[in-house]
Amino acid sequence: MTTRKVQNPNQKGNSAFIWALLAVVAIALLVIGIIVYNGRNQQDEALQQYAVDTSGINIEWSEGEDVIHLAGEESAADAKTADYFEDFSCSHCADLHIASDEAMMEKLRAGEIKVDLRPMTALDRGTEGHSTRALAAELALLADGDYDAAFSLRNYLFQDQAEAYKAKMDNAAFADKAAAFGASGQAQQDIRDGKFIDAAKKMGEDNQKLQNDTTGESWTPRVLIDGKDVEDINPDRDAWPQTLADL
């Protein structure tokens, strides 16, 4: 007797349906991927308005130091130096940055001035807040030699300070922003790991102490020339790079 195998008449149709469903899912994932990719590219392109070119400027910072030294590659021998104190959470610092940073970079590049940049974190009030995380990200970039990325991130954090502060950026968010400005993989990882958080806290505290020891009080933003406030030389603080160059 011959045994005949009975085949489900819908078997072939089910297989075709599964393959069609998988194809739809694959296409959907591809479309989502393209949307996410394009969205990230648009965000990165939007950030380029904050990009800073540091060519022609020597930037020096060594771990353990409380100051970031800025000077032109061919600075004049008699170029005067200003101590520039800023805090990433300080709205008045953002105002001064917007008003004077382009002129500062031009004067540095021309070799007419030197600047000792002295970041502070006083507005964090001893916590690991926005100022500390922002400064830690900056130090990670400087330690890795990513100078354009460091000063582009700094520019973004002041130019768009309200948004950055409101976003409550964690270390990962700072790393993502740094990546958009061309940060190296090592610098990005150091930012994510919070490698320079302690260094940022120490730098902020030491620069606040320096002000107190020098003048008896401290605040940001502040530009000191030979221990004197630039406003004592020229009341127009926004013009401090030109004031410094004229000395």
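Coordinates for the structure precede this section.
First, a word on what this report is: a plain description of the structure on this page. Counting restarts for each chain: residues are numbered from 1 in the order of the written sequence. pLDDT decides what is reported in this predicted model: residues at 70 or higher carry local features, side-chain atom pairs at 80 or more are listed and counted, and totals for whole chains, interfaces and linings draw on all residues regardless. To get the side-chain values, all heavy atoms of the structure are used, and hydrogens and water are removed first.

Another point: the nonpolar core. One finds Leu70, Met104, Leu141, Phe151, Leu157 and Trp240 to be the most contacted residues of the largest nonpolar core, which totals 55 residues. With 8 residues, the single largest contributor to this core is helix α3 (residues 130-143). The contact rule is simple, with two residues in contact once any of their heavy atoms fall within 4.5 Å. Not counting the four nearest positions on each side in its chain, Trp240 is found in contact with Ala82, Tyr84, Leu96, Ser100, Met104, Val115, Val223 and Val230. Buried Ala, Val, Leu, Ile, Met, Phe, Trp, Tyr and Cys residues form a nonpolar core when they are joined through side-chain atoms within 4.5 Å. Think of it in three bands: with a 1.4 Å probe and only protein chains considered, a residue is buried below 20% of the maximum accessible area for its type, exposed above 50%, and partly exposed in between. Every helix listed is a DSSP run of H or I at least four residues long, and every strand listed is a run of E at least two residues long, numbered separately from the N terminus.

Here is the rule: rings of Phe, Tyr and Trp (six-membered ring for Trp) pair when centre to centre is within 6.5 Å. Planes less than 30 degrees apart are stacked, more than 60 are edge-to-face, and the remainder are tilted. Under the criterion given, the structure shown has 4 aromatic pairs. Ring geometry for Phe88 against Phe158: centres 5.0 Å apart, planes inclined by 20 degrees, an arrangement best described as stacked. Of this pair, Phe88 sits in the loop between β3 (80-87) and α2 (91-109) while Phe158 is found in helix α4 (residues 147-159), placing the two residues 70 residues apart along the sequence. Residue classification places Phe88 among the buried residues on the basis of a relative accessible area of 3%.

Most peptide bonds take the trans configuration, and most residues that are not glycine carry a negative phi. The omega torsion of the bond from Thr220 to Pro221 falls at -10 degrees, within 30 degrees of zero and hence cis. Topologically, Pro221 is positioned in the loop between α8 (197-215) and β5 (222-225). The residue Lys168 is not glycine, and still its phi comes out positive at about 50 degrees. Locating Lys168 in the fold gives a position in the loop between α5 (161-166) and α6 (171-180).

Let us now look at the packing of α3 against α6. Axes, fitted as lines to C-alpha atoms, cover a helix only where it is in contact. Angles between the N-to-C directions of the axes lie from 0 to 180 degrees. Across the interface, α3 lies against α6 with an axial gap of 10 Å and an inter-helix angle of 45 degrees. When the axes of α3 and α6 are compared, the pair comes out oblique. Both α3 and α6 take part in a crossing whose hand is right-handed. Counted together, His130, Arg133, Ala134, Ala137 and Leu141 of α3 and Asn171, Phe174 and Ala178 of α6 form the full contact between these two elements. Each residue gets one label: Ala, Val, Leu, Ile, Met, Phe, Trp, Tyr, Cys and Pro are nonpolar, Asp, Glu, Lys and Arg are charged, and the others, such as Gly, are polar. Residues that form the contact of α3 with α6 fall into these classes: 5 nonpolar, 2 polar and 1 charged. Angular relationships are summarised with four words: roughly parallel below 35 degrees, roughly antiparallel beyond 145, roughly perpendicular across 65 to 115, and oblique for the angles in between. Crossings are classed by handedness, with left-handed meaning an anticlockwise turn of the near helix from the far one by less than a right angle and right-handed meaning a clockwise turn.

In this fold, Leu157 is placed in helix α4. Among the residues examined, Leu157 registers a relative accessible area of 0% and is labelled buried. With 17 residues separating them along the chain, Leu157 and Phe174 place their C-alpha atoms 10.0 Å apart. With residues near it in sequence (within four places) discarded, Leu157 still touches Phe88, His130, Ala134, Ala164, Met169 and Phe174.

This next bit is on the sheet that holds strand β4 (residues 113-120). As a general point, the strands of a sheet are linked pairwise by backbone hydrogen bonds and lie either parallel or antiparallel. Spatially, the 6 strands line up as an open sheet ordered β1-β2-β4-β3-β5-β6, and their pairing is mixed. Strands with a single pairing partner mark the edges of an open sheet, and in this sheet they are β1 (57-60) and β6 (228-229). Here the rule is simple: two strands pair whenever DSSP picks up at least two bridges between them. Here 4 bridges tie strand β2 (residues 68-72) to β4, and the two strands are oriented antiparallel to one another. Directly across from Ala71, in β4, lies its bridge partner Lys114. Docked against the sheet, α8 engages β3, β4 and β5, running at close to 115 degrees with respect to β4.

What counts as a salt bridge is simple: a side-chain nitrogen of Lys or Arg found within 4 Å of a carboxyl oxygen of Asp or Glu. Taken as a whole and judged by the stated rule, the model has 11 salt bridges. Linking Arg154 and Glu86 is a salt bridge whose minimum nitrogen-to-oxygen distance equals 2.9 Å. Of the two residues, Arg154 sits in helix α4 while Glu86 sits in strand β3, which places them 68 residues apart along the sequence. Residue Arg154 shares its accessibility class with Glu86, and that shared class is buried. Among the ionic pairs, Glu231 bridges to Arg237, the shortest N-O distance being 3.5 Å. A residue is classified by how much of its surface remains accessible, and Glu231, at 28% relative accessible area, is partly exposed.

Glancing now at a nonpolar patch on the surface. Only residues whose relative accessible area exceeds 30% and that form no salt bridge enter a patch; like-charged residues are grouped when within 9 Å of one another, and nonpolar side chains (Val, Leu, Ile, Met, Phe, Trp, Tyr) when within 5 Å. The accessible surface values rely on the Shrake-Rupley method and a 1.4 Å probe; as for residues, cover is taken only from the protein chains in view. Where nonpolar side chains cluster on the molecular surface, the patch consists of Ile18, Trp19 and Leu22 and spans about 370 Å² of accessible area. Residue placement: Ile18 occurs in helix α1 (residues 11-47). A residue is classified by how much of its surface remains accessible, and Ile18, at 49% relative accessible area, is partly exposed.

In terms of burial, β4 is a largely internal element, 7 of the 8 residues being buried. Note on handedness: a clockwise path from strand one over the helix to strand two, with the strands aimed away from the viewer, defines a right-handed crossover. Running through α2, the crossover from β3 to the neighbouring parallel element β4 is right-handed.

Keep in mind these values describe shape, not function.
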